[in-house]
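Tertiary structure, described
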Amino acid sequence: PTRRSSDLILLVDDVFDTGVSLGYLAELFTERGAASVKSCVLISKSSKREAVYEPEYVGFVLPDVWLEGYGMDTDERGRANPDIIIGPSTLETES
């Protein structure tokens, strides 16, 4: 699709760790002429950063911990949990 210089883009992601994907998308939309490209993430894990890109809006900053639930899973387990669990994965607790 053709982009216009009036397009305002908001990229939304759950966990921002390496920054590679959002950084790539932000650059892509900027190159295609978007008037503004911003991003919003629920959780930022700065210890995993590989890209220079940083989101404009961040819900929570966490260290490099295991996250599960609310759509995040371990081999399809834990995804349906309505809460975000920080700690060992469900696979580790089942052994």
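Structure's up top.
Our subject in this report is the structure included herewith. (Residues numbered from 1 in each chain as written. Predicted model: local features only at pLDDT ≥ 70, side-chain atom pairs only at ≥ 80, totals over all residues. Heavy atoms only, no water.)

In this section: the pattern of salt bridges. Taken as a whole and judged by the stated rule, the model has 1 salt bridge. Between Arg49 and Glu54 there is a salt bridge, and its shortest N-O distance comes to 2.8 Å. In this structure Glu54 comes out as partly exposed when scored by relative accessible area, which is 42%. (Salt bridge = Lys/Arg side-chain N within 4 Å of Asp/Glu carboxyl O. Buried < 20%, exposed > 50% of the residue type's maximum accessible area, 1.4 Å probe, protein only.)

Now for the environment of Val65. Note that Val65 resides in the loop between strand S3 (57–61) and strand S4 (67–68). As a C-alpha pair, Val65 and Ile85 span 20 residues in sequence and 9.9 Å in three-dimensional space. Those residues in contact with Val65, other than ones at most four positions away along the chain, are Lys45 and Ile86. (Helix = DSSP H or I, 4+ residues; strand = E, 2+ residues; numbered from the N terminus. Contact = heavy atoms within 4.5 Å.)

Moving on: the sheet that holds S3. With respect to topology, 3 strands assemble into an open sheet ordered S1-S2-S3, the strand pairing being parallel. The sheet terminates laterally at strand S1 (8–16) and S3, the two strands that pair on one side only. Looking at each pair of strands side by side, their axes are set apart by 15° on average, direction ignored. When S1 meets strand S2 (residues 36–44), the two strands line up parallel, connected through 8 bridges. (Pairing = 2+ DSSP bridges. Axes fitted to C-alpha atoms, helices over the stretch in contact; angles between N-to-C directions.)

Now for the nonpolar core. Among soluble globular proteins, nonpolar side chains are generally buried collectively. In terms of nonpolar packing, the biggest core is built from 10 residues, these being Ile9, Leu11, Phe16, Leu22, Ala26, Phe29, Ala34, Val37, Val41 and Tyr53. Counting residues per element, the ones that place at least two in this core are S1, helix H1 (20–31) and S2. Counting residues in hydrophobic clusters, the runner-up holds 5 residues, among them Val15, Ile43, Leu62 and Met72. (Core = buried A, V, L, I, M, F, W, Y, C linked by side-chain atoms within 4.5 Å.)

On to a nonpolar patch on the surface, then. Together, Leu10, Val12 and Tyr57 line one region of the surface with nonpolar side chains, adding up to about 330 Å² of accessible area. Looking at the secondary structure, you find Leu10 in strand S1. (Patch = residues over 30% accessible without salt bridge, like charges linked within 9 Å, V, L, I, M, F, W, Y side chains within 5 Å. Areas by Shrake-Rupley, 256 points an atom, 1.4 Å probe, with all protein chains shown as cover.)

Structurally, Arg49 can be placed in the loop between S2 and S3. Only 2.5 Å separates the side chain of Arg49 from the backbone oxygen of Asp17, close enough to count as a polar contact. Setting aside chain neighbours within four positions, we find Arg49 in contact with Phe16, Asp17, Thr18, Ser44 and Glu54. (Polar contact = N/O pair within 3.5 Å; in protein donor to acceptor, adjacent residues only side chain to side chain.)

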